Amino acid sequence: MLLTLATTHQPATDLGFLLYKNPSAVQSFDLPFGKAHVFYPEASQESCRVALLLDVDPVRLVRGGAGKGEGALEQYVNDRPYVASSFMSVAIAQIFGSALSGKSRERPELAITAIPLELTIYCVDCAGGEGMLRRVFEPLGYELEIRKYPLDEAFPEWGDSRYHSFTIRAVTTVHDILTHAYVLIPVLDNEKHYWVGEDEVNKLLRHGEGWLASHPDRSFIVERYLQRKRKLTRLALERLTIEDDADPDATDEAHAQEEEAVERPLSLNERRIGSVMSVLKRQSARRVIDLGCGEARLIERLLADQDFSEVVGVDVSYRALEVASSRLRYEQMSDRQRQRIKLIQGSLTYRDKRMSGYDAATCIEVIEHLDPPRLSAFERVIFEFARPKTVVLTTPNVEFNVKFESLPAGRLRHRDHRFEWTRAEFQGWAREVCARHGYSVEFLPIGDEDAECGAPTQMGVFTL
Ligand code: SAH
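Quick caveat, the model's predicted, so the values are computed rather than measured.

1. A closer look at the nonpolar core
Phase 1: Leu 5, Leu 19, Leu 52, Leu 54, Phe 137 and Leu 178 are the most contacted members of the largest nonpolar core, which totals 70 residues.
Phase 2: The leading source of residues in this core is helix H8 (residues 174-188), at ten residues.
Phase 3: The residues contacting Leu 178, other than those within four sequence positions of it, are Leu 5, Leu 19, Ile 92, Phe 96, Ala 99, Leu 100 and Leu 119.
Phase 4: Val 279, Ala 296, Ile 341 and Ala 360 belong to the second-largest nonpolar core, a separate cluster that totals 32 residues.

As structure tokens, this is what we get:
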């Protein structure tokens, strides 16, 4: 089976940097089901094409138990070595792993830039034919070119086979096009997959972030990907309905610094942390989860206080977690200290078992980063599913913005803020949340209160 990926973005050979594969070399890799070879049939300034060729070993497949397992002969004589299936996805993840996750050491900017790309797959067993290929790829903005194969060239009257080769074309990122191929190749092929365990749900949701929830055929895609396992499909769809399309690394550090600069004269960050700590102590919370922990400023303080036996930070941004881990000197921590802390990547608009079971959840300056249509998902994830006894939530009070001299009129404190609320708006929302989920709420100001505008930060303490 063969996949090629080509670009005309110049210099086209930069594709090699995006894939971490040198255009002038042929490389081979051992995989559990055979060998993969990577080479460039074309590599010039103007146009560059990489090929990922999989040489599947049918004997190894049978021994490994990944084959079809039916009649004795069929175990050895089948189309598995030749049609692109979940084996191809495994190869993409193993061999183009960094590119799949959108990273490039040498060309980080290019990795997040949309460039003209063309991905071809030879060939898939797609009983749904051209219609299914279009149904799956067109909503994602691809132009398609499809090639059919007759069942037998000698007997054209027998019609076409189920096999198709196809090309998808778009101006997009390497990350996106590989992700779509990774998830959708096994969806097209209805045979037994090389995987399918509970972990696949997480994998699917992770790779589906930002596009799967809004795909018109998402139920079909999820069902096929999870091989119609009813329980898993239900689990995935349930979580998808409250998906956020937040870009995991959307945190723009420069913007965060801007916000800090606006608020610094009031040492608001310090005062927020102080207020949150005192609320947590008053509530006698010992196990605390910090949602949208960012660079772990609150976590750092919680860890320094032995009243807190377990502290978990969640953030959607992997990068923020990396910074958090190095600020906390996680690597140098003693085993005992390390047992108290966990940093996990996750989205607050996904239902997530890992967020349950804590005495208190804190969510400091995070909700204003969520798109308003996602707020109801966030609300359910925290107040309906995670459901800690105490939730401490802070957000800017927009009424106070006129008092910041460095902030132009009408501007929010941070360019990534999707909204900033007045006190009435925050309190209105909080009361509705309480009514829906059986919490009560108390509002506390953070920072010096102005007679007219109130305090710069508003805090809601929700208790069950
Ligand atoms: N609580 C921290 C960081 C606030 S900045 C502090 O007070 O310093 C907002 C943080 O929320 C960022 O780190 C951002 O990555 C995170 N975030 C935004 N949307 C998120 C989501 N849907 N799920 C989890 N974290 C999210």
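2. Structural notes on the pairing of strand S3 (residues 34-43)
Phase 1: When strand S2 (residues 27-31) meets S3, the two strands line up antiparallel, connected through five bridges. From the neighbouring strand, Ser 28 faces S3, where its bridge partner is His 37.
Phase 2: Between S3 and the antiparallel strand that follows it, strand S4 (residues 48-56), lie four residues.

3. Examining the sheet that holds S2
Phase 1: An order of S2-S3-S4-S1-S5-S7-S6 is seen for the seven strands of this open sheet, with the pairing classed as antiparallel. Both edges of this open sheet fall to S2 and strand S6 (143-150), since each of them pairs with a single strand only. Between one strand axis and the next, the sheet turns through 15° on average, direction left out of account.
Phase 2: Against the sheet, helix H4 (residues 86-95) touches strand S1 (2-7), S2, S3 and S4, its axis set at about 125° to S4.
Phase 3: Along the sheet, H8 contacts S1, strand S5 (115-125) and strand S7 (160-172); its crossing angle with S5, the most-contacted strand, is approximately 15°.

4. Some words on the sheet that holds strand S14 (residues 457-463)
Phase 1: Here we have seven strands laid out as an open sheet, ordered S10-S9-S8-S11-S12-S14-S13, and mixed in their pairing. Looking at which strands have only one partner, the edges of the open sheet turn out to be strand S10 (341-345) and strand S13 (440-446). Each strand of the sheet is rotated relative to its neighbour by a mean of 15°, with strand direction disregarded.
Phase 2: Judged from the five bridges that link them, strand S11 (residues 360-364) and strand S12 (residues 390-396) form a sheet pairing that is parallel. Paired with Ala 360 across the strands is Thr 390, a residue of S12.
Phase 3: Its contacts with the sheet put helix H17 (residues 375-386) on strand S8 (287-291), S11, S12 and S14, and the angle it makes with S12 is roughly 150°.
Phase 4: Sitting on the sheet, helix H18 (residues 423-437) touches S12, S13 and S14, and the angle it makes with S14 is about 10°.

5. Remarks on the packing of H8 against helix H10 (residues 218-225)
Phase 1: Where H8 contacts H10, the two axes come as close as 8 Å, and the packing angle between them is 75°. Classified by the interaxial angle, the pair formed by H8 and H10 is roughly perpendicular. Within the contact between the two elements, H8 uses Tyr 182, Val 183, Leu 184, Val 187 and Leu 188 and H10 uses Phe 220, Ile 221, Arg 224 and Tyr 225.
Phase 2: For the contact of H8 with H10, the per-class residue count stands at eight nonpolar, no polar and one charged.

6. Quick notes on the domain arrangement of the chain
Put simply, an interface is often sized by how much accessible area is lost when its parts join up.
Phase 1: Taken domain by domain, the chain holds domain 1 (2-194) and domain 2 (248-463).
Phase 2: Spacing between the C-alpha centres of domain 1 and domain 2 amounts to 42 Å.

7. Notes on the packing of aromatic side chains
To describe a pair of aromatic rings, one takes the distance between the centres and the angle between the planes.
Phase 1: For the structure on display, the rule yields twelve aromatic pairs.
Phase 2: Here Trp 421 and Trp 429 contribute two aromatic rings whose centre-to-centre distance is 5.4 Å and whose plane-to-plane angle is 40°, an arrangement assigned as tilted.
Phase 3: Look at Trp 429 and you get buried, because its relative accessible area is 10%.
Phase 4: An aromatic cluster is present here, built from Phe 419, Trp 421, Phe 426, Trp 429 and Phe 443 joined pairwise through their rings.

Reading the values: rules and limits
- In every chain, residue numbers begin from 1 and rise along the written sequence.
- Residues qualify for local features only when their pLDDT is at least 70, as the model is predicted, and side-chain atom pairs are given and counted only at 80 or more; totals for whole chains, interfaces and linings, by contrast, use all residues.
- Side-chain measures here rest on the full set of heavy atoms in the structure, leaving out hydrogens and waters.
- By nonpolar core we mean a set of buried residues, namely Ala, Val, Leu, Ile, Met, Phe, Trp, Tyr and Cys, connected to one another through side-chain atoms within 4.5 Å.
- Working definition: with a 1.4 Å probe on protein chains only, accessible area under 20% of the residue-type maximum means buried, over 50% means exposed, and in between means partly exposed.
- A run of DSSP states H or I qualifies as a helix once it reaches four residues; a run of E qualifies as a strand once it reaches two. Both are numbered from the N-terminal end.
- Only heavy atoms matter for contacts: two residues are in contact if any of them lie within 4.5 Å across the pair.
- At least two bridges found by DSSP between two strands is the condition for calling them paired.
- To define axes, lines are fitted to C-alpha atoms, for helices over the stretch in contact only, and angles between the resulting N-to-C directions are given on a 0 to 180 degree scale.
- Put simply, angles under 35 degrees are roughly parallel, angles over 145 are roughly antiparallel, angles from 65 to 115 are roughly perpendicular, and the rest are oblique.
- Any residue that is not Ala, Val, Leu, Ile, Met, Phe, Trp, Tyr, Cys, Pro, Asp, Glu, Lys or Arg is counted as polar, Gly included; the first ten are nonpolar and the last four charged.
- An automatic or database domain assignment supplies the start and end points of every domain.
- Stacked, edge-to-face and tilted are the three classes for Phe, Tyr and Trp ring pairs, Trp counted by its six-membered ring, which pair at centre distances within 6.5 Å; planes under 30 degrees apart are stacked, over 60 edge-to-face, the rest tilted.

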